[in-house]
Amino acid sequence: MSFFHSAYQLDGILIAHFFLIIALFQMFRLENNADGRKWCFNTGLFLGIAGTFHPPLLGILPFLWLMILRIRPFVFREFLLSTLGFLLPLIYAYVYISVNKHLIWSDFVNIKTGGLQSNMVFWIIIAFFLILGFVSLITISYKSSKSSLRFKKLISILNLVMVVAILLGIIEFSGWGHFEWFSYFALPLSFFMPFLFFSKSSSLVGNLLFYGMFSICIAKIFIK
């Protein structure tokens, strides 16, 4: 996160990260053969709260349904509760804004400089992120072949989060030339990267990439 502005100044994106992490842990409590209404509602609720702090995340609702389907069969009540949980914080926010006659701050793409000093650093970091993600996924795929079905389902949920992060980053960069939304890629990457060190064949690559990113983290301070 030190490569992004949110690491230096508290903002809605960093708070949204926090609630996304909580939502993931709620999602991970779902079981295939147990009542999942509570966890579906909680997951939707925390994702909705994340969306109130960073409005572009409101588009994650279809991905929420896909995540639930990765663990459980379709149950209408669970899908309804997850949607209601997602909408509840938005309704509260709308009522509060309407009653107090506040203007909605919509300039959420006006990111100040401070995280990444130059486009060169940005492209280097994106390259490292993609390489880390690719190598980690290869390692996880190998491990998944010997793991339980539930482990594979949880990994598929993280893959969906990675897709959301990449889509958000592409939308922001293509629309406004910023790259702060790519920071959501760090969430699934923080789960995937440790698997690089679980086998001798990939630990060397993991160490090289990790210390490479650490070196860039220090060097970027001096890059203008």
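Reading the values: rules and limits
- Residues numbered from 1 in each chain as written.
- Predicted model: local features only at pLDDT ≥ 70, side-chain atom pairs only at ≥ 80, totals over all residues.
- Heavy atoms only, no water.
- Axes fitted to C-alpha atoms, helices over the stretch in contact; angles between N-to-C directions.
- Helix = DSSP H or I, 4+ residues; strand = E, 2+ residues; numbered from the N terminus.
- Parallel < 35°, antiparallel > 145°, perpendicular 65-115°, else oblique.
- Left-handed = near helix turned anticlockwise from the far one by under 90°.
- Contact = heavy atoms within 4.5 Å.
- Nonpolar A, V, L, I, M, F, W, Y, C, P; charged D, E, K, R; others polar.
- Phe/Tyr/Trp six-rings, centres within 6.5 Å; stacked < 30°, edge-to-face > 60°.
- Buried < 20%, exposed > 50% of the residue type's maximum accessible area, 1.4 Å probe, protein only.

A. Structural detail: the packing of helix H3 (residues 61-71) against helix H6 (residues 149-176). Taken N-terminus to C-terminus, the directions of H3 and H6 make an angle of 165 degrees; their axes are 9 Å apart at the nearest point. Between H3 and H6, the interaxial angle falls into the category roughly antiparallel. By crossing handedness, the relation of H3 to H6 is classed as right-handed. Contact with H3, carried on its side by Phe63, Leu66, Met67, Arg70 and Ile71, involves Arg150, Lys153, Leu154, Ser156, Ile157, Leu160, Val161, Val163, Val164 and Leu167 of H6 and no other residues of that element. A class-by-class count of the residues in the contact of H3 with H6 yields 11 nonpolar, 1 polar and 3 charged.

B. Geometry of the packing of aromatic side chains. Tallying each qualifying case throughout the model produces 7 aromatic pairs. Both rings, one in Phe19 and one in Phe46, keep their centres 6.3 Å apart while their planes meet at 20 degrees; by these two values the pair is stacked. With Phe19 in helix H1 (residues 12-27) and Phe46 in helix H2 (residues 37-53), this residue pair connects regions lying 27 residues apart in the sequence. What makes Phe19 buried here is its relative accessible area of 15%. Measuring from ring centre to ring centre gives 6.1 Å for Phe28 and Phe191, while their planes differ by 80 degrees; the resulting arrangement is edge-to-face. A residue pair is termed long-range when its members are at least 10 positions apart, and Phe28 in the loop between H1 and H2 and Phe191 in helix H7 (residues 186-192) qualify at 163 residues.

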